[in-house]
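# An overview of the molecular structure
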Amino acid sequence: MPNALSAQDVVAGYHRHHPVIQNLTVEVRAGETLGLAGPSGSGKSTLARVLSLLHQPITGTVSLDGRQVPGYRHRAPRELRTRIGVVFQQPRLSIDPRMTLRRAIGEPLAAAHTQYTGPGRPAGRPGRPHRRPARPPLARGQ
């Protein structure tokens, strides 16, 4: 399906003989948010890593816009890697607390030369973080 991230029959884990995820199929359409809940060790982080192309499943496939992902981590094409974002379980540990949420989301989008068109930002406006105007240089003696 176009504009969708999907995983089909995924088996994943960190040891081939002891997978954490078994035969999972999921689809997330463009604009949707997927939340994962479950007890510790149930595979939430592993699934997030597989869907964000950071961890290769033991078996199964991950597709983006109907195109099967040919590699994971840095072997995944850049145009695929930069289209997926993850909000970590404890964002306060990974985001500067002085940043606004818009800036925290906008910085990686700007680095990937992508536009943010979500709530609070009109379509077509670059998803760049807010920048303060440059200060004029100080005159001698100030």
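What comes next is a walk through the structure. Computed from a prediction, not measured in an experiment: that's the story for all the values here.

Moving on, we come to the pairing of strand E1 (residues 4-12). Both E1 and strand E2 (residues 21-29) contribute to a ladder of six bridges, which runs antiparallel. Residue pairing for E2: Ala4 is matched across the bridge by Arg29. In terms of strand pairing, E1 meets strand E3 (residues 59-64) through five bridges, oriented antiparallel. When the sheet's bridge partners are listed, Gln8 is paired in E3 with Thr61.

Time to look at the pattern of salt bridges. Overall, the coordinates contain two salt bridges when judged by the stated rule. A salt bridge links Arg29 to Glu27, with the shortest nitrogen-to-oxygen separation between them at 3.4 Å. Here Arg29 falls in the partly exposed class, since its relative accessible area comes to 43%. Here Glu27 falls in the partly exposed class, since its relative accessible area comes to 37%. Notably, a salt bridge pairs Arg67 with Glu79, separated by 3.6 Å at the nearest N-O pair.

Calculation notes
Residues numbered from 1 in each chain as written. Predicted model: local features only at pLDDT ≥ 70, side-chain atom pairs only at ≥ 80, totals over all residues. Heavy atoms only, no water. Pairing = 2+ DSSP bridges. Helix = DSSP H or I, 4+ residues; strand = E, 2+ residues; numbered from the N terminus. Salt bridge = Lys/Arg side-chain N within 4 Å of Asp/Glu carboxyl O. Buried < 20%, exposed > 50% of the residue type's maximum accessible area, 1.4 Å probe, protein only.

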